[in-house]
Amino acid sequence: MRSADIRKIFFDYFTSRGHTRVPSGSLVPADPTLLLANAGMNQFKPYFLGEVPPPYSRATSVQKCARTSDIDNVGRTTRHATFFEMLGNFSFGDYFKADAIRYAWELLTEHYRLDPEKLWITVYQDDDEAIELWRQVGVPAERIQRLGMDDNFWSMGVPGPCGPCSEICYDRGPAFGPAGGPETNGERYLEIWNLVFMQNLRGEGAGGGKGDFPILGELPNKSIDTGLGLDRIAAILQDVDTVCETDLLAPTLAAVERLAGRRFPGRNGSDESVSFQIVTEHARSTAFLIADGVLPANEGRGYVLRRLMRRAIRHARSLGIDQPALADVVGSVIDNLGDDWPDLRAQRELITAVVSREEETFGVTLRQGTRLLDAAITRTRSSGGTQIMGETAFELHDTYGFPIELTLEAAQAAGLTVDEDRYATLLDEQRRRAKKSGKAQTAAAMRRQDTYREILAQHGRTDFVGYTDTSADTEILALLADGEPVLEASEGQQVEIVIGRSPFYAERGGQIGDIGTLTTSDGTTIEVTDTTYGLDGFHVLTGQVTAGQARPGQLAHAVVDAQRRAAIARSHSATHVLHAMLRRNLGDHARQQGSLVAPDRLRFDFTHFAPVEPARLQAIGTMINDYLLADPAVRVWHATRAEAEEAGAIAFFGDTYGERVRIVDIGDASRELCGGTHVAHGAQAGPVRILGESSIGAGLRRIEALTGRDAFQRADHERRLLDEVTHLLGSRPDDLITTLTKRLAALADAEKTLAEYRRRELENVATKLAGQRRVLDHGTLVAATVNDVTTAELRTLAVTVRELLPQEAAAGVVLATVSDGKSHLAAAINRVLLDHGVQARHILAEAATTIGGGAGGTGPLASAGGRNTTALKAALTQAEESLAAAINR
């Protein structure tokens, strides 16, 4: 049974039973507690928590998931993957255990036609109800096993919804391991479907085992969250040993075979078998992550992608694939899965460019790391050692991205070992520091969110009226200080405020939050300085009490700073048009990766792999303004997400959308899913003045621009500057470039003449100083103070004087000057002194301390500087004596 048929049967089964089919969420989740989407229920989390009323009571989806916790198992087991498709059915306060169990058993045995005798069940240790329900559908007691919290109590790995679960496992027979059920062997008894009885809320773990976290209470409604792994059910229905041999990955495995020039050896446990599977599986993860807007970086989800790609490249090399090949392997993923996941085909150019660039960059990293490692090997051997320090291996890994595996291989080839214990200790310390910091931040955020949930449960969601009104009568529902509820706030106090009816836009989608004022019926005034989302649909104002005392329950009048709001709307509409024109000019790969929408200015980050040439950037700016000047209509409308996507609306990186979405059209150029505020007509957004374009990372560019009043003010400022320059040059504006070019050429000629004059002058000074040399028993020296020279000229002069001294014996020069209110010394010595182990900086070491500074330089030339000008004469004497001692030694 092909994977496409598996998906279709799943969806047909559940949609016929009242489930709404919901598109997959992005791999980049809206949930700030998650790095990447790791389960089908991620996008439904607000429904399980009761924060947002679900638009349906039953849902079904196939969710793209990434779990790097399984990275070390890829290729070493038959079942683990860092990316997979999770087929799921969900109930939000509708059906519970009985129907979830009945649906799963019926689908597996009657529609996928799995042998019931090969299905085993695990349940949470004290879930007698689940055992009885499984018995009722026909599972004998001997094929039901009770397991503990680590195995059969599910959560996302972070605070949030959780609950006991029941897993369905398929017995693949003795070829995959010994008998004994799922509790003894996960390879033979392959877990294919997990039914989570979502009924609890978990807190932050204490850092122990998988199930080490407190249960904070029960969810508002008992719900169902299930996940059927497409890779695993496909492996069973297609009768193959590994997920890499299913039709989801087989074409990619074949591409690796072609590049390696040999066949995949099968699941024989060899390093070769593991490498084939890692390259194949990581290529799929790479394609999907980039298609969802993730780009390589040294932290966060970008680091996850970089690690996957570099791991795939390294294992490709172990298969003898020395040429850049990952882009070809990833291309096979797009060819195979692009029909099922159209974003892969749409982003082919971007995916290929990112992978090719990263492979090239990693090649540089490997060469640099190899040089550093070779130096470490040489040092270890020359000192008589046999082991490379763990600190060296850790620095190569942490600073330069050089894989520890390559360090171990190179050391072994050189007849050395690596202090792996010390390396592991340093790595563990780094991870624990990062984990501790992250936990503290997560715990604080969770406490604050718990407070928000209590307020939400009591008062409901914010009634946002800001699309049509910039003022509203409202009520203060709650006040918080340092995240904790308070009963009143006095003048001067900083607080968070929750109001019922709000005209204040909360920061989202790059648009900053509104500011304004709250004035209560008794005259208390609060200056609102920001508006953010506490929870989805729940706005929190930040502000300061400027008069009176604020208390929950007060009636108030809320007023948004309307002028600022209008300026923000101009920037937001201009951002949409900028994005549209970038895609027209650069290609569809120029996708939004982030933005800042502020009053009369904007910042826009997008994917592109080369600087946008100034002429092209200017042309894009002209296109934007011409388009806005034509005054295109701005239309806001609502539809289901599926309807919006069918109409060509674009959704963006990092954003989250409900079942019904808001779409903003600007003429025929732009159609985006957007919750922000906009102008009523295109001409109101202009003018737009692009300030510049720059790189902010590999494959990431940034454009900054001004809009509205700031754009006009910038033009006025530049015009005034132009007038001043024109006046200074005595030219007309149209002749300015010609006049300035002539003046600069004349200036260059004059500077050249002056430089030649100065060179001759310094040569004369050098000749005079050389004639004042002091003859010693074993050489000569010059020590003198020179006036009216720069520090650079002082060094040059020292070298010139040295060359005028006899070179057959030891010779050196020490010069001093005062420049820019500081003392400066320069020393130059010849080859004879160098051959005797003397360094120029040694000559200046004591003198540098005298003038309150330090000496620097290598070999024959050094300099020193300090703030003490009164001690310069004494310092010069010290340096002269030091030089004389070195010559006569």
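Calculation criteria
Residues numbered from 1 in each chain as written. Predicted model: local features only at pLDDT ≥ 70, side-chain atom pairs only at ≥ 80, totals over all residues. Heavy atoms only, no water. Core = buried A, V, L, I, M, F, W, Y, C linked by side-chain atoms within 4.5 Å. Buried < 20%, exposed > 50% of the residue type's maximum accessible area, 1.4 Å probe, protein only. Contact = heavy atoms within 4.5 Å. Helix = DSSP H or I, 4+ residues; strand = E, 2+ residues; numbered from the N terminus. Arc of directions from axis to C-beta. Pairing = 2+ DSSP bridges. Axes fitted to C-alpha atoms, helices over the stretch in contact; angles between N-to-C directions. Parallel < 35°, antiparallel > 145°, perpendicular 65-115°, else oblique. Left-handed = near helix turned anticlockwise from the far one by under 90°. Nonpolar A, V, L, I, M, F, W, Y, C, P; charged D, E, K, R; others polar. Phe/Tyr/Trp six-rings, centres within 6.5 Å; stacked < 30°, edge-to-face > 60°. Expected span 1.5 Å × (residues − 1).

Novice: Help me out: how do you make sense of the nonpolar core in this one?
Specialist: The nonpolar side chains of a soluble globular protein tend to be buried, and buried together. Core analysis: the biggest nonpolar cluster contains 105 residues, and Leu-114, Trp-134, Ile-192 and Trp-193 have the highest contact counts within it. Excluding residues that lie within four positions of it along the chain, Ile-192 makes contacts with Leu-108, Leu-114, Leu-119, Ile-168, Cys-169, Tyr-170, Gly-227, Leu-228, Gly-229, Arg-232, Ile-233 and Ile-236. Among the nonpolar cores identified, the runner-up in size contains 29 residues, and Ala-569, Met-581, Ala-590 and Tyr-627 belong to it.

Novice: Just to check I follow, could you spell out the environment of Gly-553 for this structure?
Specialist: Note on placement: Gly-553 falls in the loop between strand E19 (538-547) and strand E20 (555-560). As for Gly-553 and Leu-479, which are separated by 74 residues in sequence, their C-alpha atoms are 9.9 Å apart.

Novice: I keep staring at helix H23 (residues 840-850) and nothing clicks. Help me out?
Specialist: Given 3.6 residues per turn, any residue in an α-helix points the same way as the ones three and four places further on. Taken together, the buried positions of H23 are occupied by Ala-840, Ile-843, Leu-844, Ala-847 and Ala-848. The buried side chains of H23 occupy one side of the element, clustering within an arc of 120° when seen end-on. When the buried face of H23 is taken as reference, the exposed residues oriented beyond 90 degrees from it are Glu-846 and Thr-849. As for H23, its buried residues are in contact with strand E30 (810-819), strand E31 (822-829), strand E32 (854-858), strand E33 (861-866) and helix H24 (872-888). Following H23 by one or two positions, Gly-852 adopts a phi angle in the positive range, close to 80°.

Novice: Looking at this model, I keep getting lost on the pairing of strand E3 (residues 83-91). Mind explaining?
Specialist: Within a regular beta strand, the side chains point alternately toward one face of the sheet and then the other, so they alternate between its two faces. With nine of nine residues buried, E3 lies mostly within the body of the structure. Side chains Phe-83, Glu-85, Leu-87, Asn-89 and Ser-91 project from E3 onto one buried face, and the interleaved Phe-84, Met-86, Gly-88 and Phe-90 project onto a second face that is buried too. Judged from the nine bridges that link them, strand E2 (residues 58-66) and E3 form a sheet pairing that is antiparallel. Across the sheet, the residue bridging to Ala-59 is Phe-90, located in E3. Here four bridges tie E3 to strand E9 (residues 215-229), and the two strands are oriented antiparallel to one another. Its bridge partner being in E9, Leu-87 is matched across the sheet by Leu-228.

Novice: Looking at this structure, how should I read the sheet that holds strand E27 (residues 700-707)?
Specialist: Backbone-to-backbone hydrogen bonds pair the strands of a sheet. The strands run either parallel or antiparallel. Within the open sheet, the four strands sit side by side as E21-E22-E27-E26. Their pairing is antiparallel. Either end of the sheet is taken by a strand with one partner, and the two such strands are strand E21 (592-598) and strand E26 (688-697). Between one strand axis and the next, the sheet turns through 15° on average, direction left out of account. By the bridge criterion, seven bridges tie strand E22 (residues 601-607) to E27 in an arrangement that is antiparallel. Within E27, the position partnered with Asp-605 by the bridge is Arg-702. This element, helix H19 (residues 708-729), spans E26 and E27 of the sheet and lies at about 85° to E27.

Novice: What is the right way to look at the packing of helix H7 (residues 250-260) against helix H8 (residues 271-291) in this model?
Specialist: To characterise two packed helices, one gives the angle between the axes of the helices and the distance between these axes. Two elements in contact, H7 and H8, have axes separated by 9 Å at closest approach and are oriented at 130°. Between H7 and H8, the angle is such that the two are oblique. Crossing of H7 over H8 shows right-handed handedness. On the side of H7, the interface is formed by Thr-252, Leu-253, Val-256, Glu-257 and Ala-260, while H8 contributes Phe-276, Val-279, Thr-280 and Ala-283. Within the contact of H7 with H8, the residues separate by chemical class into six nonpolar, two polar and one charged.

Novice: Got a minute to help me understand the packing of aromatic side chains in this structure?
Specialist: Two aromatic rings, taken as a pair, are described by how far apart their centres are and by the angle between their planes. By the definition in use, this model includes 27 aromatic pairs. With centroids separated by 5.4 Å and ring planes inclined at 55°, the aromatic side chains of Phe-44 and Phe-92 adopt a geometry described as tilted. Of this pair, Phe-44 sits in the loop between strand E1 (20-21) and helix H2 (45-49) while Phe-92 sits in the loop between E3 and helix H3 (97-111); the two residues are 48 residues apart in sequence, bridging distant segments of the chain. For the residue pair Phe-44 and Phe-92, the accessibility class agrees, reading buried in each case. Their ring planes at 65° and their centres at 5.9 Å tell us that Phe-264 and Phe-276 sit as a pair that is edge-to-face. In this pair, Phe-264 is assigned in the loop between H7 and H8 and Phe-276 in helix H8, connecting sequence segments twelve residues apart. Of the residues examined, Phe-276 reaches a relative accessible area of 0% and is grouped as buried.

Novice: Got a minute to help me understand the pairing of E20 in this structure?
Specialist: Of the two faces of E20, the one holding Ala-556, Ala-558 and Val-560 is buried and the one holding Leu-555, His-557 and Val-559 is not buried anywhere. In the sheet, strand E13 (residues 471-481) pairs with E20 via five bridges, with the strands oriented antiparallel. Its bridge partner lying in E20, Thr-474 is registered against Ala-556.

Novice: Could you clarify how one ought to interpret the sheet that holds strand E29 (residues 779-785) in this entry?
Specialist: The six strands lie next to each other as E28-E29-E30-E31-E33-E32, forming an open sheet whose pairing is mixed. At either end of the open sheet lies a strand with only one pairing partner, and these are strand E28 (774-776) and E32. Along the sheet, successive strands turn relative to each other by an average axial angle of 15°, direction set aside. Together, E29, E30, E31 and E33 form the strand contacts of helix H21 (residues 791-804), whose direction differs from that of E31 by roughly 25°.

Novice: Explain H8 here, please?
Specialist: Between its first and last C-alpha atoms H8 spans 30 Å; for 21 residues at 1.5 Å apiece the expected length is 30 Å, and the two agree. In the stretch just after H8, Gly-293 is the one whose phi turns positive, near 100°.

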